[in-house]
Structure formats: structure tokens, C-alpha cells
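# Observations on the three-dimensional arrangement
If you want the building blocks of each chain, they are given just below.
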Amino acid sequence: MYVSPIRESLIQGNKDYKKITDDITAPVSQKPTIFWFIGFTVSSIAAVIGIFAMSMTIWKGIGLWGVNRTIGWGWSITNLVWWIGIGHAGTFISAILLLFRQKWRTSINRSAEAMTIFAVMCAGVFPLIHMGRLPLGYFIMPYPNTRGLWVNFNSPLLWDVFAISTYFLVSLLFWYMGLLPDIATLRDKVKIKILKPVYRFLSFGWTGSARHWSRHESMSLILAGLAAPLVLSVHSIVSFDFATSVIPGWHTTIFPPYFVSGAVFSGFAMVLTLMIVARKTMNLTEYITVNHIESMNKIIIATGSIVGIAYITELFMAWYSGVIYERFAFYNRALGPYAWAYWIMMSCNVISPQLLWFRKLRRSVIFTFVLSIFINIGMWFERFVIVVTSLHRDYLPSSWSMYKPTIFEIAIFVGTLGIFFSLFLLFVRFFPVIAISEVKSILKSSNKKHLDKHN
Amino acid sequence: MAQPKYIKAYYDYDEKLVGSLKVLKEKGIEILDVLTPFPVHGLDKLLGYRRSWIARVGFIGGAIGAACGLGFQAWVFVKDYPLNIGGKPFFSLPSFIPVTFEMTVLFAAFAMVFAFLIRSKMGPGAHPFIHDEKITDDRFVVLVGLKGNTSDKNIEGVKSVLNGTGARGITLKADVELSKNY
Amino acid sequence: MNTKFNFTIRYKIPLLILIVIGLASVVASLFFSHDHGMRFWTNFHMNTVYIIFISLAGMVFLAIHSLGTSGWQTSIQRIPEAMAMFLPVGLALMLIVLIGMWFNLHHIFHWTHPEPGDTILELKKAYLNIPFFSIRTLFYLGGWIFLTRWWRNNSLRQDANADLKYFRKTNTIAGIFIVFFAITSSMAAWDWLMSIDPHWFSTLYGWYVFSGLLVSGTAMIILIVLVLRASGYMPHVNKEHLHDLGKYLFAFSILWAYLWFSQYMLIWYGNIPEETVYFVERLEGFNTLFFINVGVNFFVPFLALMTRNSKRIPIVLAFTAVVVLAGHWIDFYLMVMPGSAGASSKIGFIEIGMTLGYLGLFLWIVFRVLAKANLVPENHPFFKESLEYHTNY
């Protein structure tokens, strides 16, 4: 198919199929770099700290946390929403960008999908441990029992159970099915004796037969078609946890699409954080190019602007409604005791991404890296502001209180960061970070040398 | 029992592959399989593959999921153990939608993945015959059949056609029973 | 490739018939109305807002594709461009509504004459008052007209001169437009539609209306493309282009249904009377239409356009597009009528006639604009991609 010569190339340098295989499987065949070891050590330590804090919580109870009347949800639910939000970028890149035929997704989709799975795992920690009596955690599943009891299908917390489980399983399927041809590449390429049988087992017998490819393509397209509404539904259902209530700042109809946009926003920021480091340390800058970074930045500015407009809409509607409780909820956010959190949120989420209107900044790797960190901090504060400020002061002034996290809540959050980065580092060590077969399929239409030959 | 003979050859580029396959088809040569490092555009049509029925499996799976999800919630809340939650009716359809939707997606996805793996005879521990370790690297392999005619004349004829299309590594093989159904 | 559209008698006659039907309906509505011309005014306002949004959707389509550096739509982009050129007529129609407000000719908006002691409207007075409302309306339409004009002029200049600077300009214009649009479209929805029920509010409303705009706009683009194609005008538009348009219709319909559900379910679940009154009014007084609205606008496009093949068959696309346009007209009916005309509203020949008149007027303007320039932007750097358009999936 004809490709306009003014399009930016997505694969740079003098590449052929063999070179692609070699470049991307190199980190698996070789020993990891010093950066990898340092990163893995630091994140493992953090993970251990977190696991210790989680164990203490389960052993001694939620009293170790700072949550109390009337702020029953604090850091734990903030973290839950933050992690699930981050996971959304993976599915967005794999599914929605596939449906929009955006070829630039092929360099980042594999890592983004892996990131999704690890993010959802970290997210899942919080609903489990915040329950209190974790050994009875299976109560959230509908199973026939001697009490004749079922779960409450009218509760958004239960909808969450189904949504997050489905999201985790479908993302896992999507990631793994896409990975099969690439594991086969590792199976055939890697010479390390101990790994070869592992890859052979994991490759499920992939041969590269045209019949298999044909079915694989059909399946991937439909999985994408399923995953796209799934992405919208999961974070919408998470938003229902708040929006189905009656308290000001929570009960508002804009939450579902606003949460979804925010999720894609923070997810892409995390993908950028990871990919900017990975491309440099793993010598993949010719595959994860500045053009990829610019495309991701465009999505960041789009979703960031949507989030900003949602903030302004909420503010306006709070005034327009005339409801004194709504008006106060937003007045309190901007000027009350948690105003510092509100203004961090506003500057990180609304103001900073607007700088991406400038092409020079969109294509600056360093600026993008710094911005991606700010966005993730800002999005954490957004969830903190939503969760805590609405709970700490709602209808009855006599119930107003304050919330402060304890060292255990902070440690658990740091622990999930440790778990996330450890898992991701293990992923890049043993699996191809870039979708090898997909990148090969776009070589002819996305690489300057090949395009010139063709045109 | 002797395995039936077939000829294996490979190409370096997908354009060469597609062009050559057209020639082979014109000459009436039987193509048993084509193995590539990535899905080559136009191969399906050329080889006469009909569009996969995997979509239908997905649809049926999803329909079952939807029916199960909605049916189960309705049964629990209307028949088995009705509960008054916030004054909402027992059959509260808006509440049932999220779980129903998730079940639809879950069942559809699993149905399709299982259909794919089973139909392709893939799965943990599957041990297919690997025709060439470089298929997953940069080789486009074609397996050509001899239609039962294993005379030297026929074999040479087929080999020369392959040679003419620019194929490399043309060898006669008989090491595995090539199942038609995979 | 020089293809020009000829706005011949063959096109003009049916459109003129529609316009005449519309005018007749307008006159009839003034005579057959017992309630200070409410029947005329509410239908006039509803159709005006609907057609303005469909027209605007053309520009939204162009802007989003430009910012996404998409190429396939360049073959058909003159059609949404022409749709957007209807906006000045939309402004003229909206002016009539404004004049009606200033001279107290209609009571579409109850906040124009609040009852004494209505504290809720008191609290909104700074926003909901006739002068500010009028300034805002003019601001939205003025801005949209300015930006669409700018785009169109740039696009025409590109026809004459293949210099890449015109292409780069499109991204600038698209960026400015999309930000201006994002803010003003929600505000327009609040002003022109939500304030008809002035005691009610919903933060999702602006985006909900936006999704309807996307669906209706896409349906209109599809219909015009198919009409031109059937007359032999756009031979380069192949199954791939149609497939992509069909995918949009499918996806945007699902998006609309998702937002409809979000708004409804959250208000139903919270069960707060000042919010639920909106739906109670509709469920009690407009019950059939309420369910037709969500049923038709979700199930028809979902079932009709689910399979791959269906999106490549023109008759299926055309049928679905027509159903969707009618369905979203019902959506607008449910947004406008209950809070204004209330129980006295009905759907009769007058309503259908007026809508047909608007359709005729809209298409007249669109075809006139189409005839003024080349049907394809052949100097667009992505045009060749769209001409030889075929995809892997």
C-alpha cells in the first residue's frame, strides 16, 4: 500500500528481518546490564518492605492504618484506582490503537501489555488487604454455601470484583497470545541451555504456519474488539464505586468517561517512563523512536485536556446546581485543609501537559520523561483528592474529620511499586520487550530505506 | 512405514514469496504449507483459506456469557434470595448490566482463545515438528507436495520450477507425516 | 484528478420539495398551536440545535483526523467540510430563537420568566439570563464559523498550490478548533438543551450530547457519501472507506449508549429526587419514546453493523444511518420537549414536516458548497494513500 513520503519512519536505520530478531532478542541472550541489577535490587527491597507491611496489616488488623470514621477509604483505595488506571494504557495501546491501525503501537504494545498485567496485580492487593479478615476473602465470590447467601449484585464493589478479574484474565490472554510467536523466536534463537526447554514449553507449539497466522490474526482482531469496550467498562465500574453514592464530589454523572480518560492519561505516562529508560539501556532507540514518543505525547495531551475539561465542568456544575453541599465540596477542595493536594493535582495534570502543544517539547525525550513522572504524581493526587476530601467533609459538619496515612500504608504503597518494577524487570530480562513479528510486518511500510525502494 | 515425500524451500523476502506462490499455483503445484516469521498480507487469499470461523465462536461465547450473567443475577435476586437493597426493585436491570457485560467479554475471550489453541493443535507441551529454526527469524518456508508422483522426473520438474522462482535451499524431505488438518 | 460536483435540477427538485414541506409545516404549526406558538417554537429550537450539531460534527471529524495524521479520509473530506459550511445558516436560525427570547415570543426556557420564590433559579441567575445567554450563543457560533471558514479557505488554497505549508496549517487550525470546540460544545449543550430543565443538572450532559453529535454526524457523512457514490461521483471510494465509516458508526453508537447508561444508572442508583425528577418526567410522560430512544440507538447499529461484511454493504450502511438519524432526533425530542412543551407535545405531520424541511435546507447548502470546489483535495499529501486505499484488516 502506498505510504506518503512525509510520514515519519517508525523503524530507523538499516534493518532487515534478521537484524530485528537480533536486536530485540539480544537483551535475553546476553547478561543483563548493571542498571538492571541495581534496579532489580532496589525494587526487590521495596517489595520486601511492602510485603512485611502487608503481613503486619493482615496479622494485626486495619487498626494499623489511618482510616477511621468518617474517612473509611484513604491511601488503599487511592492506590487501587491509581494502579488500575495505569494498567489501562496497555490495553488501549494493544486494542484500541490496533483497531485504529496505528502502526507505531508495534514497538510498545508488548511492554505496555505486560505493564498492564503487573499493574492490575498490584491494584488487586488493595481490595484484598483492606477487607480486614483476609482468610474470608472468598466471600466476595458467588458460590453456593450453607447459609444460602449470595453476593450483592447491586453493589458496585461487587461489580468491581467481576470487572477487575475479567480485565486481568483478558489482558493476560491478549498479552500471551500475542507473545506466542515471539516466544517461538526465542525458542529457536536462544542458545542458553537452561532456557531453551522453557521457551519450547511456553511457545505452545507455534510453527509459523500460514493457517495459524490466519487464525491468530482473526483472533487478535476480535480480542481487540472485545478489549476496547472492556477498557472503558473497567474504569467506569471503578468510578461507579464513588458515583453511585450520594455524597458531593462523588455522586456526579461525569465520572465514568472522566475516570477512563484519566486512566489512559496516567497509563501512557507510565509507559513513557518505562520505555524511555528501556530504549536507552537496551539499545532499542531505532525501534522506540522519537516519533513513537511524540505519538504517545499526543495521546497524553488529548486525555490530559479531557481530564482538565472534566475538572472545569465539575467546578461549573457545582456552582450551577445551586446545591450548597456541592458548592462547598469544591470550595473546600480548592481552599480547605487539603488544598495543597488539590493544587498539586491541578498543576501536574492540567497545566504541565499543555506544554506538549509545542512540537519541540513533544519530541524531547528528557522533557517527556520528567513530565511523565509529574503526571503520575498528579494522577495519584487526583484520586487522593477525590477519595479523601469528599469523605472528610460531607453533609454533617459534626462528622468532619481529618486523615493521615500511617507508616504501614505508605510502606504498602512503596511495596507495590517494588513489586511492579521487579516484575517488569524480570519481564524484560526473559521476554522480548518489543513485538518482534509485528515490527517485522511493518518494516516494509515504515522504514525509510525500504519505502524509498518501494516508491 | 515410509513417510510421504515433500519438497522444502525458502525465500528471503515476502514479496518474493507471494510472487512465487502465484507462479506455483499457475503451474498446478500442490502447496502443503507456508511458514513465515510474520503474517504476510495476501497469503490467505492466495492459499484459498476461508475466513476463520473464530469470530462466530467468540460471538457464541459472548452470548452464553451474557445469558449466564444476566440469568444468574436475576435468579439470585428475584427467586433464590431476594434482598431489598436501597429500595431498588428485585429485578434491578441497571445494576445487573456491569456484571453481565463483563461476563460477556470474559466468555467470548476464553472461547476464542481455546478455539484457536485447540483448532491449531497448540497448547502447553505441544511438540510439533519444526521445519526450520529460521522461520521465526527471517525465512519464508514453502512445503511443496508431489501429489503422490514420486518419480525422479516429477521431483526434478518441481525443483526446477522452484529454482526458477528464486527459492533457496530446495531439498527433498520425508521426515514427517504432514497432516493436512492443521 | 478533477471531479466537480454538479448541483443539477435532479438534486434540486427533491430538496425544494422538502423545503416547501418544511415551510408549510411551519405555517401550520403557528395556526394549529393553542399554546402561544409553543409547538412552533419548540420544534424550531429542537431542529435548529440538532442540525447545528450535525453540521459542526463535520468539522470535528476533520479536526480529529488531521490531528491524528490520518490519511484515508482525505478522499471524502470535502463532504464533512461542506457540512460545516452550513453553520452560518444555523446562526441565522438561532438568531430567530434569540429574538423570540428577547421579545418574549416563546417560553422554551422557563428561566426566562422565573416564578417568584424559585430559589434554585435565583442562584443561577448570573448565568441563566437573557443577555449573557445571547452573548454566549453568538460567541459559540461565531467562533465555530470563524474556525471552519479558516479551515475551508486553507483547504481551497491547497487545491491551487501544493506547498506543504497549507498542510501544516491544517494541524494548527485543527488544534485551535478542537480546544475551542471541547469547551464550547459542552457549554452550548448546557445552554441550549440542559437549561430547558433549569432545576436539573448533570456533569455528563455536555459529553453525552457530544457523543450524539458524533453519531449523527457520521451517519450524515455516510449518507451523503453513498448518495454521491450512487450517482457515479466518487469512484475512488471503495469498500475500505465504507468499512471505516461503518466502524465509526458502530463504535460511536456504543459510546453514546455507554454514556446514556452512565447518566441514567447513576441518577437511578443515587435516587436523589432533584436529579431523578428528570427521568421520572420522561418515564411517565414520554414512556414509549424513552425506550425507543435507547433501544433503537443502541441495538440497531450494534446488531446491523457487528459483522465485518455488513459494514462493507452500502444498503446496510444507508439503512443504519437513516435509522440512527431518526433515533437521535428522538433523543433530541426527549431533551427538548418534556421541559418546554411538556404534556402538550406530540409527534405529528407538523413535526415530521418541519424536520424534513430542515433536512432539505441543510442538504441544499451542503450540495451548493460541494459544487464550488473540487470533490477531492488532490494536493493533500495524504491523498494518494486514500486513493489507493486497501488495508490488511
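A brief structural summary.

## Details of the sheet that holds strand β3 (residues 140-145) of chain B
Residue and element names in this part refer to chain B. Strand order across the open sheet formed by 4 strands is β2-β3-β1-β4, with antiparallel pairing between neighbours. Two strands lie at the open edges of the sheet, namely β2 (31-35) and β4 (168-173), each paired on one side alone. Taken pair by pair, the neighbouring strands of this sheet meet at an average axis angle of 15°, ignoring direction. Pairing of strand β1 (residues 6-11) with β3 involves 6 bridges; the strand directions are antiparallel. Paired with Tyr-6 across the bridge in β3 is Gly-145.

## Brief notes about empty space enclosed by the protein
The final tally for this structure, using the stated rule, is 8 cavities of 30 Å³ or more. Lining the largest cavity are 15 residues, with His251(A), Thr252(A), Glu326(A), Phe201(C) and Thr203(C) sitting closest to its centre. Counting only elements with at least two residues in the lining of the largest cavity, the list comes to α9 (290-321) and α10 (324-335) of chain A. Here the lining of the largest cavity is composed, by residue class, of 5 nonpolar, 7 polar and 3 charged.

## Examining the pattern of salt bridges
Tallying each qualifying case throughout the model produces 35 salt bridges over all chains. Among the ionic pairs, Asp188(A) bridges to Arg187(A), the shortest N-O distance being 3.0 Å. Taken individually, Asp188(A) and Arg187(A) each receive the classification buried, so the pair is uniform in this respect. Among the salt bridges present, the one from Arg168(B) reaches Asp12(B), with a minimum N-O distance of 2.4 Å. Highlighted residues: Arg168(B) in strand β4 and Asp12(B) in the loop between β1 and α1 (14-26), separated in sequence by 156 residues. With relative accessibility at 23%, the residue Asp12(B) sits in the partly exposed group. Linked by salt bridges that have partners in common, Glu8(A), Glu294(A), Arg359(A), Arg362(A) and Arg363(A) make up one network.

## Details of the packing of aromatic side chains
By the definition in use, this model includes 105 aromatic pairs over all chains. Where Trp380(A) meets Phe384(A), the ring centres are 5.5 Å apart and the plane angle is 15°; that geometry is what we call stacked. Taken together, the positions of Trp380(A) and Phe384(A), both in helix α13 (residues 365-392) and 4 residues apart, correspond to about one turn of that helix. Consider the rings of Tyr127(C) and Phe132(C), whose centres lie 5.8 Å apart with planes at 80°: the pair is edge-to-face. Looking at Tyr127(C), the relative accessible area reads 6%, which means it is buried. Overall, the relative accessible area of 34% leaves Phe132(C) in the partly exposed class. Counting every residue linked through ring pairs, the aromatic cluster contains Trp75(A), Trp82(A), Trp83(A), Tyr338(A), Trp340(A), Trp380(A), Phe381(A), Phe384(A), Phe413(A), Phe420(A) and Phe421(A). One residue, Lys12(C), lies across the ring of Phe7(C), its end atom 5.1 Å from the ring centre. Geometry around Tyr127(C) places Arg136(C) over its ring, the cationic atom sitting 3.6 Å from the centre.

## With respect to helix α7 (residues 164-192) of chain C
Residue and element names in this part refer to chain C. Helix length check: α7, at 29 residues, gives a terminal C-alpha distance of 40 Å against a target of 42 Å (1.5 Å per residue), a fit within 8%. Residue Phe-181 marks the point of greatest curvature in α7, where the axis turns by about 30°. Capping of α7 at its N-terminal end is provided by Asp-163; its side-chain oxygen lies 3.0 Å from the backbone amide nitrogen of Lys-165.

## Some thoughts on the interface of chain B and chain A
Reports of interface size often rely on the accessible area that becomes lost once the parts have come together. Contacts between chain B and chain A engage 64 residues on the former and 59 residues on the latter. Taking both sides of the interface into account, the surface hidden between chain B and chain A amounts to around 5500 Å²; carbon and sulfur atoms contribute 68%. Of all residues in chain B, Glu102(B), Phe116(B) and Thr136(B) bury the most surface against chain A, accounting for 11% of the area lost on that side. The tally of links between chain B and chain A comes to 4 salt bridges. One salt bridge in this structure joins Lys18(A) and Asp137(B), with 3.2 Å as the shortest N-O distance. Summed over the shared surface of chain B and chain A, the result is 22 residue pairs in polar contact (both at pLDDT 80 or more).

## As for the pairing of β2(B)
All names here are of chain B. By the criterion of burial, β2 is predominantly enclosed, with 5 of the 5 residues buried. Pairing of β2 with β3 involves 4 bridges; the strand directions are antiparallel. Its bridge partner being in β3, Val-34 is matched across the sheet by Val-142.

## Some words on the interface of chain B and chain C
At the interface, 10 residues of chain B touch 12 residues of chain C. For the pair chain B and chain C, the summed buried surface comes to about 880 Å²; carbon and sulfur atoms form 68% of the total. Looking only at chain B, the three residues that lose the most surface to chain C are His41(B), Lys88(B) and Pro94(B), adding up to 55% of its buried area. Across the contact surface, chain B and chain C share 0 salt bridges. Counting residues per element, the side of chain B that touches chain C draws most heavily on helix α4 (residues 93-119) of chain B, which supplies 4 residues.

## Details of the environment of Ile288(A)
Residues and elements named next belong to chain A. Its location among the elements puts Ile-288 in the loop between α8 (255-281) and α9. Between the alpha carbons of Ile-288 and Ile-434 there is a distance of 8.8 Å; along the sequence they are 146 residues apart. If sequence neighbours within four positions are ignored, Ile-288 has contacts with Ser-107, Ile-108, Met-275, Arg-279 and Ile-434.

## Considering α9(A)
Residue and element names in this part refer to chain A. For α9, with 32 residues, the first-to-last C-alpha span of 46 Å sits near the 46 Å given by 1.5 Å per residue. The element α9 is extensively covered by neighbouring structure, given that 25 of its 32 residues are classed as buried. Positive phi appears at Gly-322, one or two residues downstream of α9, with a value of about 75°.

## Description of the packing of helix α2 (residues 38-67) of chain C against helix α13 (residues 349-371) of chain C
Residues and elements named next belong to chain C. One way to put it is that α2 packs onto α13 with a least axis distance of 10 Å and a crossing angle of 35°. Taken as a pair, α2 and α13 cross one another with a handedness that is right-handed. Within the contact between the two elements, α2 uses Arg-39, Phe-40, Asn-43, Phe-44, Asn-47, Thr-48, Ile-51, Ile-54 and Ser-55 and α13 uses Ile-350, Glu-351, Met-354, Thr-355, Tyr-358 and Phe-362. Residue composition of the contact of α2 with α13, by class: 8 nonpolar, 5 polar and 2 charged.

Criteria and cut-off values
- Counting restarts for each chain, with residues numbered from 1 along the sequence as it is written.
- The naming scheme follows written order: chains are lettered A onward, ligands numbered 1 onward.
- This being a predicted model, a pLDDT of at least 70 is required before a residue's local features are given, and a value of 80 or more before pairs of side-chain atoms are given or counted; all residues contribute to the totals for chains, interfaces and linings.
- Heavy atoms from the whole structure form the basis of all side-chain values; hydrogens and water molecules are not counted.
- For two strands to be treated as a pair, DSSP must find at least two bridges joining them.
- Per the convention used, a helix needs a DSSP run of H or I reaching at least four residues, while a strand needs a run of E reaching at least two, with both numbered from the N terminus.
- Axes here mean lines fitted to C-alpha atoms, for a helix over just the part in contact, with angles spanning 0 to 180 degrees between N-to-C directions.
- Site definitions follow a grid-based scheme: protein atoms alone, a 1 Å grid, a 1.4 Å probe that fits but cannot get out for cavities, and for pockets an open set with protein on both sides within 12 Å along at least five of seven lines, plus lining residues having an atom within 4 Å of a point.
- Grid points are joined across faces, edges and corners, and a volume is the space filled by probe spheres set on the points.
- All residues other than Ala, Val, Leu, Ile, Met, Phe, Trp, Tyr, Cys, Pro, Asp, Glu, Lys and Arg, Gly among them, are scored as polar; the first ten of these are nonpolar and the last four charged.
- The term salt bridge refers to a pairing of a side-chain nitrogen on Lys or Arg with a carboxyl oxygen on Asp or Glu at a separation within 4 Å.
- Exposure categories follow from relative accessible area, calculated using a 1.4 Å probe and restricted to protein chains: below 20% of the type maximum is buried, above 50% is exposed, and the middle band is partly exposed.
- Pairing of aromatic side chains here covers Phe, Tyr and the six-membered ring of Trp, requires ring centres within 6.5 Å, and sorts the geometry by plane angle: under 30 degrees stacked, over 60 edge-to-face, intermediate tilted.
- In our convention, an over-ring charge means Lys NZ or Arg CZ found within 6 Å of a ring centre and within 35 degrees of that ring's normal.
- Expected helix span is computed as 1.5 Å times (number of residues minus one).
- We define the bend at each residue as the angle formed by axes fitted to the 7 residues ending at it and the 7 residues starting at it.
- Whenever two N or O atoms come within 3.5 Å, that pair is a polar contact, provided that in protein one can donate a hydrogen and the other can accept it, and provided that, for residues adjacent in sequence, both atoms are side-chain atoms.
- The contact criterion used throughout is that any non-hydrogen atoms of two residues lie within 4.5 Å.
- Buried area is a sum: the accessible area each of two parts loses on coming together, probed at 1.4 Å, counted once for each and added.
- By convention, the crossing between two helices is left-handed when the near helix turns anticlockwise from the far helix through less than a right angle, and right-handed when the turn is clockwise.

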